[in-house]
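# Analysis of the macromolecular model
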Amino acid sequence: MDPDYSAQDVARCDLCKTAIAQSYCDFCHVNLCKPCIGEHISDDYKKHIIVPIHERKSSLIYPKCGIHQNDVCQYQCKDCNIFVCTHCFASKQHKEHEFFKLEESFSVKKNHILKDREELEEQILPTYEEIANDLEIQISNLDDNYKKLTTAISKQREEIHREVDNAINKMEKEIGEIKMKHQGILQKHLVEIKQLQSFMQQTLLALNEIEESNEVSQTIHYSSKNKEFSKLPPKVNVSMPTFIPKEIGIEELFILIGKLTPLSTTMEERVFIAKKPNTLVRELLDEPAVLNTIKTEYANLRSVTCLNDEQIWTSGRTADIKCFNIKGVLQKTIQTKSGEWPRDIAVERDGALLYAYWQTRTVNKVKNDQTEEVITLQGWKPSQLCVTTSGNLLVTMYSDDKTQSKVVRYSGSTVKQTIQFDEEGQPLYSGNNKIKYISENRNLDICVADLGAGAVVVVNNSGKLRFRYTGHPSPTKNKPFKPYGITTDSQSRILTADGDNHCIHILDGDGQFLRYIDNCDLKDPYGLCVDSNDSLFVCEYFKGNVKKIKYLK
């Protein structure tokens with residue numbers, strides 16, 4: 001798909017400003033409708049190049065010759081390292097010199113720029129994001145870690161009674177100072193990392209501009225910065241101080257209380273290792289097959305998520321959240337804290353269960369049978385959840401007045417990103433409280449099944465709109481496309497449940513329709529998930545069944 005000429009952005013004629021352009025002058029760089037072509041070439045200027053609109057910008061823009069003003073340079077003299085025209089080519093000045101065709105050099109350099117952009121966007125920049133995320137998590141955990149130190153010291157203080165209060169207070173102050181120093185070290189390193197990230201983002205924008213440009217000089221003189229970016233900054237290791245208590249006595253109070261180990265900082269060298277792409281291509285089965293049916297006993301089954309390859313969590317319109325093994329045997333049941341049904345569920349990498357509850361505007365975590373509120377919203381209500389590969393949490397939510405919707409990325413309880421509007425300031429998602437299931441693709445795209453809009457809305461990791469999928473014409477699918485659940489697999493394919501047409505749509509990573517899963521006797525498919533083997537789990541809303549489906553070879 002050409003991003004500059006899509007159904008959402010029709011090219012208009014640059015002369016009349018109203019008609020749709022079917023042609024393009026590849027020399028003057030203007031869009032033209034059919035009636036305006038004659039007007040444009042009426043000046044008898046022989047260098048007009050009229051091409052179909054989809055072939056625009058296919059002609060290279062060569063630099064003008066500094067000696068022969070009416071000629072352009074299509075060669076480069078290797079010996080003189082300058083651009084030359086055909087007249088220069090034949091001159092005595094370049095006799096017996098070796099020449100390169102700029103078209104060939106341009107093509108080679110363009111390929112190099114494309115690889116650099118892909119490496120920077122898909123490899124180096126995500127590595128820095130992981131580094132920054134790790135530092136932010138360390139900083140967010142400082143309070144808890146230092147609270148443990150304070151608790152240990154307080155326990156010692158209780159045993160020594162009032163005689164040691166002054167000494168304890170002094171050591172608590174010392175902890176605060178060490179904490180500030182600790183935080184300052186990590187914060188300084190984080191600022192440096194983010195500055196490098198910002199520089200890379202600027203470089204990436206420049207690369208995108210060069211990639212879209214046909215300016216030969218700019219392209220030929222491009223110099224890669226990826227080698228410089230690949231030299232990762234050293235990893236800062238700041239060890240936590242520890243409290244070492246001593247046996248209680250009555251003399252030399254400070255010695256008896258114990259001591260804090262000093263803050264220790266070391267720098268560990270990082271080495272950038274490019275991630276290998278997924279070379280295993282798994283093709284779609286001609287006939288998907290149901291491997292197993294799990295009866296959950298829910299009257300309205302909404303969500304399913306994989307705890308691992310052997311167990312799944314399920315939820316419906318009851319306060320029970322149930323865990324089943326893949327044979328359908330109930331393993332565990334958890335009651336929501338409020339006693340009401342959860343809007344959605346998700347599983348963190350450590351196995352902790354998350355669920356969203358809209359009435360209290362909270363996202364809750366259940367770990368070791370203990371429930372805590374990890375996110376509390378103001379003016380917004382949480383809807384659906386997705387735990388990303390980096391450990392962040394994506395939450396779809398809607399405003400209290402049900403007029404706005406957005407996606408928010410959290411690290412712990414800290415907001416890291418908000419996705420709500422496109423580049424023109426228009427809402428990306430329908431403004432209502434209808435379900436908007438969410439999934440992160442392997443290419444880090446964020447995929448939302450927007451039921452209210454009747455569309456799958458996909459943005460990249462930065463929140464920029466990539467595409468909208470609004471269904472696929474079919475004589476057998478008579479009802480409007482209404483996507484419910486959504487998930488993605490190891491091939492970056494997108495699967496979404498079409499509840500009213502009782503089928504699953506499978507798209508590729510660019511939003512192109514591949515096929516339906518409509519042969520598995522699905523009834524009212526709703527929530528979806530895939531496990532690490534790309535087995536698909538589908539909730540049947542009214543039947544209360546989870547079907548495990550094999551759809552890849």
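Residues numbered from 1 in each chain as written. Predicted model: local features only at pLDDT ≥ 70, side-chain atom pairs only at ≥ 80, totals over all residues. Heavy atoms only, no water.

## Re the sheet that holds strand E1 (residues 23–25)
To summarise the sheet geometry, strands pair through backbone hydrogen bonds and adopt either a parallel or an antiparallel arrangement. What counts here: Being paired, for any two strands, means DSSP has found at least two bridges between them. Going along the chain from the N terminus, every DSSP run of H or I of four or more residues is numbered as a helix, and every run of E of two or more is numbered as a strand. Only C-alpha atoms enter the line fits that serve as axes; for helices the fit covers just the stretch in contact. Angles between N-to-C directions range over 0 to 180 degrees.
Strand order across the open sheet formed by 3 strands is E2-E1-E3, with antiparallel pairing between neighbours. The open sheet has two edge strands, strand E2 (30–32) and strand E3 (50–52), and neither has a second partner. The average angle at which neighbouring strand axes cross in this sheet is 35°, direction not considered. Alignment of E1 against E3, held across 3 bridges, turns out to be antiparallel. Bridge pairing in E3 places Cys25 opposite Ile50.

## Examining the pattern of salt bridges
Pairing of side chains with opposite charge becomes possible as their charged atoms draw close. As a reminder of what qualifies: For this document, the term salt bridge refers to a Lys or Arg side-chain nitrogen within 4 Å of an Asp or Glu carboxyl oxygen. Remark: exposure states derive from per-residue accessible area (1.4 Å probe, protein chains only) relative to the maximum for the residue type, with buried under 20%, exposed over 50%, and partly exposed in between.
Scanning the entire structure with this criterion turns up 20 salt bridges. One salt bridge in this structure joins Glu136 and Lys194, with 2.9 Å as the shortest N-O distance. Residue Glu136 is found in helix H3 (residues 102–160), and its partner Lys194 is found in helix H4 (residues 165–212); the two are separated by 58 residues along the sequence. Glu136 sits in the buried class, given a relative accessible area of 13%. For Lys194, a relative accessible area of 38% corresponds to the partly exposed category. Asp350 is paired through a salt bridge with Lys367; the nearest N and O atoms lie 3.0 Å apart. Of this pair, Asp350 sits in the loop between strand E16 (344–347) and strand E17 (353–357) while Lys367 is found in strand E18 (residues 362–367), placing the two residues 17 residues apart along the sequence.

## Considering the side chain of Asp422
How we decide: A residue counts as positive if it is Lys or Arg and as negative if it is Asp or Glu; His and the chain ends are not included. Between N or O atoms, a polar contact is any pair within 3.5 Å; within protein, one atom must be a potential hydrogen donor and the other a potential acceptor, and residues adjacent in sequence are included only when both atoms are from side chains.
Its location among the elements puts Asp422 in the loop between strand E23 (414–419) and strand E24 (436–440). Notably, Asp422 is buried but unbridged: the nearest opposite-charge side chain belongs to Arg468, and the N-O separation is 5.2 Å. A polar atom in the side chain of Asp422 sits 2.9 Å from the backbone nitrogen of Glu424.

## Focus on the pairing of E23
Note that strand E22 (residues 405–411) and E23 share 5 bridges and pair antiparallel. Across the sheet, residue Arg409 finds its bridge partner in E23, namely Gln417. Turn length for the E22-E23 hairpin, with the two strands adjacent in sequence and antiparallel, is 2 residues, and the turn residue Gly412 shows positive phi of about 65°.

## Quick notes on the confidence of the model for the protein chain
The condition is simple: The pLDDT score gives, residue by residue, the confidence of the prediction method on a 0 to 100 scale. Contacts: residue pairs with any heavy atoms within 4.5 Å of one another.
Taken residue by residue, the protein chain gives an average pLDDT of 87. The fraction at 70 or more is 93%. Here residues 1–8 is a poorly scored stretch, pLDDT under 50, and it has 10 contacts once near neighbours within four places are set aside; other chains count.

## Description of the pairing of strand E14 (residues 320–325)
Among the 6 residues of E14, 5 are classified as buried, and the element is accordingly described as predominantly covered. Pairing geometry for strand E13 (residues 311–316) and E14, over 5 bridges, is antiparallel. Residue pairing across strands places Thr314 opposite Lys322, the latter belonging to E14. Taken together, E13 and the strand that follows it, E14, pair antiparallel across an intervening segment of 3 residues. As paired elements, E14 and strand E15 (residues 330–335) share 5 bridges and run antiparallel to each other.

## Focus on the nonpolar core
What counts here: The term nonpolar core refers to a set of buried residues drawn from Ala, Val, Leu, Ile, Met, Phe, Trp, Tyr and Cys, joined through side-chain atoms within 4.5 Å.
Within the largest apolar cluster, 43 residues are counted, with the highest numbers of intra-cluster contacts made by Leu536 and Tyr551. The next biggest cluster of nonpolar side chains, apart from the first, holds 32 residues, and it includes Tyr128, Ile168, Phe229 and Leu232.

## Considerations on the environment of Tyr24
Assignment of secondary structure puts Tyr24 in strand E1. Of the residues examined, Tyr24 reaches a relative accessible area of 4% and is grouped as buried. Along the chain, Tyr24 and Glu55 lie 31 residues apart, while their C-alpha atoms are 8.0 Å from each other. Within the structure, Tyr24 has its side chain in polar contact with the side chain of His29 (distance 3.4 Å).

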